[in-house]
Amino acid sequence: MLRIIGGTVYDPANGIDGVVKDLCIADGRIVAEAALPAGARTIDASGMVVMPGGVDVHTHVAGGALNFARGLVPENQRAARKFLHGLDRRAGLGGMTPTTFATGYLYAGMGWTTVNEAAVPILSARHTHEELHDIPIVDKTSLVLMANNEFVLDLLEAGEIERARQVVAWLVWAAKAYGLKAVNPGGVEAWKWGKNANTLHAPIEGYNTVTPAQIIASLAGMADDLGLPHPVHLHCNNLGVPGNFATTIETMSVLQGHRAHLAHLQFHAYGGDDWSTMRSESARVAEAFSAQKNLTTDAGAVLFGDAVTITADGPWQHLLYQLTGRKWGNLDVENETGCGIVPYVYKDRNLVNAVQWAVGLELLLLIDDPWRIFLTTDHPNGGGFWRYPEIIHMLMNAEFRKEQVQKLPEKARGRILLPDLDREYTLSEIAIITSAGPARSLGLAEKGHLGVGAHADVAIYPIKPDHGLLFSYPRYVLKGGAIVVEEGDVRNVVDGREFIVHPACDDAIEEYIRPLFEKVYTMSFANYPVEMERLRHPEVIACGSTSA
Ligand SMILES: [Zn+2]
């Protein structure tokens, strides 16, 4: 039990915008004043900012693809020490794809207390959960890859939508996931024949009628029908390529009438006809997005420097490899999905990279409802998550941001909108894009706010005259009421929990899946679903009604 006194509280979900007030905590939750006995421990937060702990709506921190990336960039791992500030615990290794311990310490050390692992194949879900468990401190959710699953696509082709929904529900529970991820719908499947899916309304390779648009609308409808707390989480077709803004806007129209979360919008907002004419189309994307209130998104912002691109989007990764000549790895995940990895460096003198850097910030500044766009770098694709404070700095300080713009090549400055944008984020808006908004989008009702009953995940930052890197070194971070960071150091390590959903489905669907599975997969069916015992600290959310 403890009391945080005198802090300036930013709790936008409860309408509290910079009010000096005390917070009381007991049994891991925020409680009303009366419930706390006299003599409880006190943290004096006078002159400090108190916010709900950060929630990362889209990151890649665990599983087979991450391990593949770690192996692909051993030189990166050696950079560990510079990230870990001399932690003497089982610190793990840093670099762009930190090991599990380092991931937990780095997130908590910045004030983030919940992360959403955004891409899990069912086939490697068991491994992913082992790694998620191994990440200390933060709570986790995970999304299972579904837009290129051959069982589901075959049922869409056959017009068996209800059965497809049952299969999806079964697969979500088999993976012990929290929601549905769709990556380059149809394109990863087509990549198995060396093709892609570049247009939304043409049948994909290997199918007569199934189109990306159909996959997108179907999965969005299923997430709604199954009552999943988070809507379909969509990585649109044509990621990363010039002119893709048109596909992104078309995708939004396919999603009309559905909830959806558009992942890393920065990678989907480019104009131009080719690499030499690539320019920002953030204004048009922001306008279309703002008009469609059923959508949320995250920035997927890019920062100059090292990155490792990791995605299920195999065809895109192959193109990136061809463009850059860098190391490339590709994984085929049987009948479900794919995976590609290319280590990358974003350079400010590179025209394409300069446009990418600007577009992420532009979207954050142009989409004026902070409840619908959240702070991410699509870690480690656009840059390491531990660099979020750099982005916050640029969002809060227009003058500093414009100084950075001046460093870009003149040719790039003519292709972006950033030089003309004067908006500065308030602390309340920062609390929304880093915590309250993503928690709401994920449907985590006890996260992202500091009202009575909320999980006591709290970040306390010193106020500095210049906001600068305010969020780099929180004075205190509380996770579930435990003080994990004190005076900027990780002092206490607790286990995070995993939130998973159990959508209702007809038990008979397993008998439909089993013979198909035994025909096409290399592993045995009994070994496919992740057993509940594999999850050390699960919290199961039942959803949906039993099907008719
Ligand atoms: Zn991603």
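Scroll up for the structure.
The following paragraphs examine the structure supplied in this document.

1. Observations regarding the overall build of the protein chain
Each helix and strand in the protein chain was counted, giving 18 helices and 26 strands. Taking 548 residues into account, the globule formula puts the C-alpha radius of gyration at 24 Å, and the protein chain, at 22 Å, falls close to it. Projected onto the principal axes, the alpha-carbon positions of the protein chain cover approximately 65 × 60 × 45 Å. Here the protein chain holds 548 residues, and 64% of them are scored as buried. Considering only contacts in the protein chain between residues 6 or more positions apart, those separated by 24 or more positions represent 76%. A total accessible area of about 18900 Å² is found for the protein chain, and carbon and sulfur atoms account for 51% of it. Between the averaged position of the 46 positive side-chain charges in the protein chain and that of its 63 negative side-chain charges there is a distance of 5 Å.

2. A look at the sheet that holds strand β6 (residues 41-44)
On the basis of which strands lie adjacent, the open sheet formed by four strands has the order β5-β4-β1-β6 and mixed pairing. Each of the sheet's edge strands pairs with one partner strand only, and the pair in question is β5 (29-31) and β6. Across the sheet, the axes of successive neighbouring strands diverge by a mean angle of 30°, strand direction being ignored. Two elements, strand β1 (residues 2-5) and β6, share four bridges in a ladder whose sense is parallel. Each bridged residue has a counterpart across the sheet, and for Leu2 the counterpart in β6 is Arg41.

3. Re the pattern of salt bridges
Per the stated rule, a full pass over the model turns up 27 salt bridges. The closest approach of N and O atoms between Glu531 and Arg126, which form a salt bridge, is 3.2 Å. In this pair, Glu531 sits in the loop between α18 (509-520) and β26 (538-543) while Arg126 sits in helix α5 (residues 125-134), placing the two residues 405 residues apart along the sequence. Taking relative accessible area as the criterion, Glu531 reaches 28% and is therefore assigned partly exposed. Glu281 serves as the salt-bridge partner of Arg279, at 2.8 Å between the closest nitrogen and oxygen. Ionic contacts of the salt-bridge type, sharing partners, join the residues Asp139, Lys447, Asp457, Lys479, Arg497 and Glu539 into one network.

4. What to know about the coordination of the zinc ion
Protein coordination at the zinc ion: the donors are His58 (NE2), His60 (NE2) and Asp378 (OD), at 2.0 to 2.1 Å from the metal. In primary-sequence terms, the residues that donate to the zinc ion follow H-x1-H-x317-D. In this pair, His60 sits in the loop between β8 (54-59) and α1 (64-72) while Asp378 sits in the loop between β20 (373-374) and α14 (388-396), placing the two residues 318 residues apart along the sequence. Take His60 and Asp378: they sit in the same class, and that class is buried.

5. Examining the sheet that holds strand β18 (residues 329-333)
Judged by pairing direction, the sheet is antiparallel, and its three strands sit side by side in the order β17-β19-β18 without closing on themselves. Every interior strand has two partners, whereas the edge strands, β17 (305-311) and β18, have only one. Averaged over all pairs of adjacent strands, the angle between their axes in this sheet comes to 15°, without regard to strand direction. Note: β17 against strand β19 (residues 337-346), seven bridges, orientation antiparallel. For Thr311, the partnering residue across the bridge sits in β19 and is Gly340. α1 rests against β17, β18 and β19 of the sheet, and its axis sits at about 40° to β19. On top of the sheet, helix α12 (residues 314-324) reaches β17, β18 and β19; it is set at about 35° to β19, its chief contact.

6. As for α18
Think of an α-helix as turning once every 3.6 residues; residues three or four places apart then point the same way. In this model, α18 (twelve residues) spans 17 Å end to end at C-alpha, consistent with the 16 Å of a helix rising 1.5 Å per residue. Within α18, burial applies to Ile509, Ile513 and Phe517. All buried residues of α18 project into a common sector of 50° when viewed along the axis, lining one side. Opposite the buried face of α18, by more than 90 degrees, sit the exposed residues Glu518 and Lys519. Buried-residue contacts for α18 involve α6 (150-157) and α7 (161-175).

7. Digging into helix α10 (residues 245-254)
Residues of α10 that are buried: Phe245, Thr247, Thr248, Thr251, Met252 and Val254. Contact partners of the buried residues in α10: α9 (212-225), β12 (232-235), β13 (260-262), β14 (270-271), α11 (282-291) and β16 (295-298).

8. Examining the layout of surface pockets
Roughly 670 Å³ of volume is contained in the largest pocket. Surrounding the largest pocket, 46 residues form its lining, Thr309, Ile310, Thr311, Gln317 and Asn381 being those nearest its centre. Elements supplying a minimum of two residues to the lining of the largest pocket: α1, β9 (112-120), β11 (179-183), β17, α12, β18, β19 and α13 (351-366).

9. Quick look at the environment of Val493
Secondary-structure assignment places Val493 in the loop between β24 (489-490) and β25 (498-503). Once the C-alpha coordinates of Val493 and Ile367 are considered, the two residues, 126 residues apart in sequence, prove to be 37 Å apart.

10. A word on unusual backbone geometry
Cis rather than trans, the peptide bond between His379 and Pro380 has omega equal to -5°. Position of Pro380 among the secondary structure elements: in the loop between β20 and α14. The residue Lys176 is not glycine, and still its phi comes out positive at about 50°. Along the chain, the position of Lys176 falls in the loop between α7 and β11. Owing to a relative accessible area of 4%, Lys176 belongs among the buried residues under this scheme. The residue Asn238 is not glycine, and still its phi comes out positive at about 65°. One can find Asn238 in the loop between β12 and α10. The class of Asn238 is buried, set by a relative accessible area of 13%.

11. Things to note about the packing of aromatic side chains
For any pair of aromatic rings, the description consists of the separation of the ring centres together with the inter-plane angle of the planes. Scanning the model with the defined rule gives 14 aromatic pairs in all. Ring centres of Tyr344 and Tyr346 lie 4.8 Å apart, and the angle between their planes is 70°; this geometry places the pair in the edge-to-face category. For Tyr344, a relative accessible area of 12% corresponds to the buried category. Look at Tyr346 and you get buried, because its relative accessible area is 4%.

12. Focus: the packing of α14 against helix α15 (residues 398-405)
Their axes nearest at 5 Å, the elements α14 and α15 cross at an angle of 110°. Our classification of the angle between α14 and α15 gives roughly perpendicular. Taken together, the residues of α15 that come into contact with α14 (itself represented by His393, Met394, Leu395 and Met396) are Ala398, Phe400, Arg401 and Gln404. Partitioning the contact of α14 with α15 into residue classes produces five nonpolar, two polar and one charged.

Conventions used here
- Residues numbered from 1 in each chain as written.
- Predicted model: local features only at pLDDT ≥ 70, side-chain atom pairs only at ≥ 80, totals over all residues.
- Heavy atoms only, no water.
- Helix = DSSP H or I, 4+ residues; strand = E, 2+ residues; numbered from the N terminus.
- Rg over C-alpha atoms; globule rule 2.2 N^0.38 Å.
- Buried < 20%, exposed > 50% of the residue type's maximum accessible area, 1.4 Å probe, protein only.
- Contact = heavy atoms within 4.5 Å.
- Areas by Shrake-Rupley, 256 points an atom, 1.4 Å probe, with all protein chains shown as cover.
- Lys, Arg positive; Asp, Glu negative; His and termini not counted.
- Charge placed at Lys NZ, Arg CZ, Asp CG, Glu CD.
- Pairing = 2+ DSSP bridges.
- Axes fitted to C-alpha atoms, helices over the stretch in contact; angles between N-to-C directions.
- Salt bridge = Lys/Arg side-chain N within 4 Å of Asp/Glu carboxyl O.
- Donors = N, O, S within 2.8 Å, 3.2 Å for Na, K, Ca; no water.
- Expected span 1.5 Å × (residues − 1).
- Arc of directions from axis to C-beta.
- 1 Å grid on protein atoms, 1.4 Å probe; cavity = no way out; pocket = protein on both sides within 12 Å on 5 of 7 lines; lining within 4 Å.
- Points joined across faces, edges and corners; volume = space filled by probe spheres on them.
- Phe/Tyr/Trp six-rings, centres within 6.5 Å; stacked < 30°, edge-to-face > 60°.
- Parallel < 35°, antiparallel > 145°, perpendicular 65-115°, else oblique.
- Nonpolar A, V, L, I, M, F, W, Y, C, P; charged D, E, K, R; others polar.

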